[in-house]
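# A closer look at the structure
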Amino acid sequence: MSTTPITNSNSHPARDSSFKANSGEDTLTFRLTLDKNNKPIKIGDGTYGSVFKAYRSSMNYAVKIFYRSNSQKEAFEKELNAAELIRGKLLQNNLSNLAERLVLPEARTESFDTTPAASVIQEHYTDLALSEYALVMPLY
């Protein structure tokens, strides 16, 4: 898998922008990537959520945080189930090399809204109503 290396070059101390997400049996710590003003770098918005740049160790990631709505949990589970179905079918058919080329979630959290990362986002993006659900995937 070829994700891009970290390019977080803040010249002054950054705020705590961490959040934890589960990857299989492991709990991993990620951090939002902040610009020179300590503002989270937003990659984009979609129907179900906003995507921000994040990092862990020496790799960049995209974290999709679902909007707070009546269907947030269903949308989150639908994306997780679809990714697992795709990954499972490829592995079942000995096509694991194709799975490595897809951008599928590598980690998830159901408590994003209580993390330091959520506080940093809300400080800079006051119009976003983000939920507790988030998916982390490689940033290509």
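Residues numbered from 1 in each chain as written. Predicted model: local features only at pLDDT ≥ 70, side-chain atom pairs only at ≥ 80, totals over all residues. Heavy atoms only, no water.

### As for the pattern of salt bridges
Short version of the rule: The term salt bridge refers to a pairing of a side-chain nitrogen on Lys or Arg with a carboxyl oxygen on Asp or Glu at a separation within 4 Å. Burial here depends on accessible area, computed with a 1.4 Å probe over protein chains only, as a share of the maximum for the residue type. Under 20% is buried, over 50% is exposed, and the range in between is partly exposed. Going along the chain from the N terminus, every DSSP run of H or I of four or more residues is numbered as a helix, and every run of E of two or more is numbered as a strand.
As enumerated under the stated definition, the model contains 6 salt bridges in all. For D45, the salt bridge goes to K42, with nearest N and O atoms at 3.0 Å. With relative accessibility at 27%, the residue K42 sits in the partly exposed group. As a salt-bridge pair, E79 and K64 come within 2.3 Å of each other at their nearest N and O atoms. Separated by 15 residues along the polypeptide, E79 in helix α1 (residues 72-92) and K64 in strand β5 (residues 59-67) bring together distant segments of the chain. By relative accessible area, which is 15% here, K64 ends up buried.

### Focus: the nonpolar core
For clarity, the cut-off: Take the buried residues of types Ala, Val, Leu, Ile, Met, Phe, Trp, Tyr and Cys, join any two whose side-chain atoms come within 4.5 Å, and each joined set is a nonpolar core. Should any heavy atoms of two residues lie within 4.5 Å, those residues are considered in contact.
Core analysis: the biggest nonpolar cluster contains 23 residues, and F19, V63 and I121 have the highest contact counts within it. Among the elements of the structure, β1 (18-23), β2 (26-32), β4 (49-56), β5, α3 (116-124) and β7 (130-138) are those that each provide at least two residues to this core. Discounting residues that sit within four places of it in the chain, I121 has contacts with L32, P40, F52, I65, F112, L128 and L130. Core analysis: the next-biggest nonpolar cluster, separate from the first, contains 9 residues, A75, L80, Y133 and L135 among them.

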